[in-house]
Amino acid sequence: MPAPNIDTIVSLAKRRGFVFPSSEVYGGLGSAWDYGPLGVELSNNIKQSWWRWLVYDRDDIEGIDSSIILNRLVWKYSGHEATFNDWLVDCRNCKDRSRADKIVDNKCPKCGASDFTEARPFNTMLQTRLGAVADDDPAALAYLRPETAQGIFINFLNVQTTMRRKLPFGIAQVGKSFRNEVTPGNFILRTREFEQMEMEYFVSPTAEHSKLVDYWVEQYLEWFSSLGLIRENLYLYEVPGEELAHYSKRTVDIMYRYFPEREKPWEELMGIAWRTDFDLSTHSKNKLDEEGKRINPDSTEDLSYFDEPTKQRFYPHVIEPAAGVNRTVLAVLMDAYSEKTNDKGETRVILKLSPQLAPIKAAILPLAKNKPEIVGMAKAIKRSLQPVLRAVYDDTGGIGKLYARQDEIGTPFCVTVDHQSLEDEAVTVRDRDTWEQERVKVSDLAEHLQKRLKPYPVPPPEPH
Ligand code: GAP
């Protein structure tokens, strides 16, 4: 039973230290959120799983970490300065400003009137100024990147030559991106500062691009299922021609059921796009337009590739799976959410996170906190487990309360140290999902937990 709505997760996230509204002491900042002690672990675990899966488990992908602020010309030639726009309309009645594509039935979402201004473009790149310059000096204008992808394209040759790569190969990057969203909202679903996990997969111009899009869609469906996402809560949206970004010939969005309570429950979790050779060509000094003119007189590099077997030089095409970290965190939390009733008829929340994602893998709990021997043994067990898995010690309540707290934050195992443990050097291991308990020797504990915590297997990539 996944969460019935996003609000259930907002309240759990705040109550249990996953995500807090940002800048709360000053009344908050619309749609900005801070990750708390458990949220940062969950989000790091998702990013690590992604990085391991693409960069370590496969042999055809390298990782990089490029700057957030790039030369402004990058955004000129990528097309973002000209086209990275939302179309806005103002309601003439109440002056509310909305995105034109979000108006339903030609009615203002605030007052219901149908009298709008003409739609006009609003560039959603977040601007900043570099250096100690006058406020209006245009030379100082720079942008916080709206996608991590461009940092990959402009490093294509650096990576290809230093790592001696032949096509096909990919470059992955995870990091912050920024968009001056007109209508941010729905918790961490749409914010102005967010994180992306993007991978640009470079292939020959004669490769079967559409098939490669399907291949990456399948790969990501499997990865999401390894994170615990329920297949029925994912849906594939073939983006129609008129909605495609300026660089794309085909895009498939993987949508997640973020709004199970609504008539339109789906919102984008990620997109897989065939970006053609647009980006490498546009940043290259030698690429000519139809009239034989250089399309980029500012570039000092040519990002083309020499293919040894065919002795041909060309601009590789790109298949790009682009996913949001924050949207993955939210989907994972929603699908992990469940409720269970105990013998006393009380309803408990259990966060059935995949063990690889759980912020804490084992909580070590003393049955009696006023017994120094038990407390000492529990703390020693915590310290001995820490090098192999994330463990915490907790004695801030009765055992029932401590179990409930760990269930609610998704800790797969509670390890209880009791009076008997002092005699038999064994502890009780309690399973989060079944509440079943078993006795395990302290000397076997690390191995026992590690075996049960093994990440869900991710199927090996298919050859293509
Ligand atoms: N490089 C291609 C690209 O950026 P996108 O569909 O605009 O494509 C990719 O963004 C992913 O980034 C989205 O599917 C979503 O998961 C995430 N994303 C985009 N804008 C976001 C926002 N304002 N807040 C949170 N996540 C966002």
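This structure is a prediction, so every number in the text was calculated from the model and none was measured.

Rules used throughout
Residues numbered from 1 in each chain as written. Predicted model: local features only at pLDDT ≥ 70, side-chain atom pairs only at ≥ 80, totals over all residues. Heavy atoms only, no water. Helix = DSSP H or I, 4+ residues; strand = E, 2+ residues; numbered from the N terminus. Expected span 1.5 Å × (residues − 1). Buried < 20%, exposed > 50% of the residue type's maximum accessible area, 1.4 Å probe, protein only. Near = heavy atom within 4 Å. Polar contact = N/O pair within 3.5 Å; in protein donor to acceptor, adjacent residues only side chain to side chain. Areas by Shrake-Rupley, 256 points an atom, 1.4 Å probe, with all protein chains shown as cover. Nonpolar A, V, L, I, M, F, W, Y, C, P; charged D, E, K, R; others polar. Core = buried A, V, L, I, M, F, W, Y, C linked by side-chain atoms within 4.5 Å. Contact = heavy atoms within 4.5 Å. Pairing = 2+ DSSP bridges. Axes fitted to C-alpha atoms, helices over the stretch in contact; angles between N-to-C directions. Salt bridge = Lys/Arg side-chain N within 4 Å of Asp/Glu carboxyl O. Right-handed = clockwise from strand over helix to strand, strands pointing away.

(A) Representation of helix α9 (residues 325-336). The terminal C-alpha atoms of α9 lie 16 Å apart, and with twelve residues this matches the ideal 16 Å at 1.5 Å per residue to within 8%. Within α9, twelve of the twelve residues are buried, which leaves it mostly tucked inside the rest of the structure. Buried residues of α9: Val325, Asn326, Arg327, Thr328, Val329, Leu330, Ala331, Val332, Leu333, Met334, Asp335 and Ala336, and no others.

(B) Spotlight on the site of the ligand. Neighbouring the ligand are 19 residues; Glu147, Glu181, Thr191, Glu198 and Glu268 lie closest to it. Interatomic distance of 3.0 Å between a side-chain N/O atom of Gln196 and an oxygen atom of the ligand. Side-chain polar atom of Arg275 to a nitrogen atom of the ligand: 3.4 Å apart, as the coordinates give it. When the ligand sits alone it has 550 Å² of accessible area, and the protein chains cover 91% of it. Elements represented by at least two residues in the shell around the ligand include exactly β10 (193-203), β13 (266-276) and β16 (317-324). Of the residues contributing to the shell around the ligand, the split by class is seven nonpolar, three polar and nine charged.

(C) Molecular detail of the nonpolar core. Residues Trp216, Tyr220, Phe224, Ile254 and Tyr258 are the most contacted members of the largest nonpolar core, which totals 67 residues. Take this core: its biggest share by element is nine residues, from helix α7 (residues 209-226).

(D) Representation of unusual backbone geometry within the structure. A cis amide bond links Leu167 to the next residue, Pro168, at an omega of -5°. Turning to its location among the elements, Pro168 is positioned in the loop between α6 (156-162) and β9 (169-178). Even without being glycine, Arg164 reaches a positive phi, approximately 50°. Counting through the fold element by element, Arg164 comes out in the loop between α6 and β9.

(E) Representation of the environment of Thr251. By secondary structure assignment, the location of Thr251 is in strand β12 (residues 250-257). Between the C-alpha atoms of Thr251 and Val239, which are twelve residues apart in sequence, the distance is 5.5 Å. Apart from residues no more than four positions distant in its own chain, Thr251 is found in contact with Tyr237, Glu238, Val239, Leu244, Ile272 and Ala273. Looking at Thr251, its side chain comes within polar contact range of the side chain of Ser248, at 2.7 Å.

(F) Fine view of the sheet that holds strand β6 (residues 120-123). The strand order across the open sheet built from three strands is β5-β4-β6, with neighbouring strands paired in antiparallel fashion. Among the strands making up the open sheet, the edge pair consists of β5 (97-99) and β6. Strand-to-strand twist in this sheet, taken as the mean axis angle between neighbours without regard to direction, amounts to 45°.

(G) Region of interest: the sheet that holds strand β20 (residues 391-393). Read from one edge of the open sheet, five strands run β20-β19-β21-β22-β23, paired in mixed fashion. Only two strands of the sheet have a single neighbouring strand rather than two, namely β20 and β23 (437-441). Averaged over all adjacent pairs, the angle separating strand axes in this sheet is 25°, with direction ignored. Note: strand β19 (residues 362-366) against β20, three bridges, orientation parallel. Bridging across to β20, Ala363 finds its partner in Val392. Lying on the sheet, helix α13 (residues 445-453) is in contact with β19, β21 (413-417), β22 (426-431) and β23; it crosses β22 at an angle near 15°.

(H) Up close: the pattern of salt bridges. In total, this model carries 32 salt bridges according to the counting rule given. Residues Asp115 and Arg92 are paired through a salt bridge, measuring 3.2 Å at the closest nitrogen-oxygen approach. A residue pair is termed long-range when its members are at least 10 positions apart, and Asp115 in the loop between β5 and β6 and Arg92 in the loop between β4 (85-90) and β5 qualify at 23 residues. Take Asp115: its relative accessible area is 39%, and that puts it in the partly exposed class. Given a relative accessible area of 44%, Arg92 falls into the partly exposed group. The salt bridge involving Glu208 is made with Lys211; its shortest N-O contact spans 3.5 Å. For Glu208, a relative accessible area of 53% translates into the label exposed. Salt bridges here are not isolated pairs; linked through shared partners, they connect Glu147, Arg275, Asp279 and Glu320.

(I) Spotlight on the pairing of β19. With five of five residues buried, β19 is to be regarded as a mostly interior element. Side chains Ala362, Ile364 and Pro366 project from β19 onto one buried face, and the interleaved Ala363 and Leu365 project onto a second face that is buried too. One crossover worth recording links β19 to the parallel β20 by way of helix α10 (residues 372-385), and it is right-handed. Note that β19 and β21 share five bridges and pair parallel.

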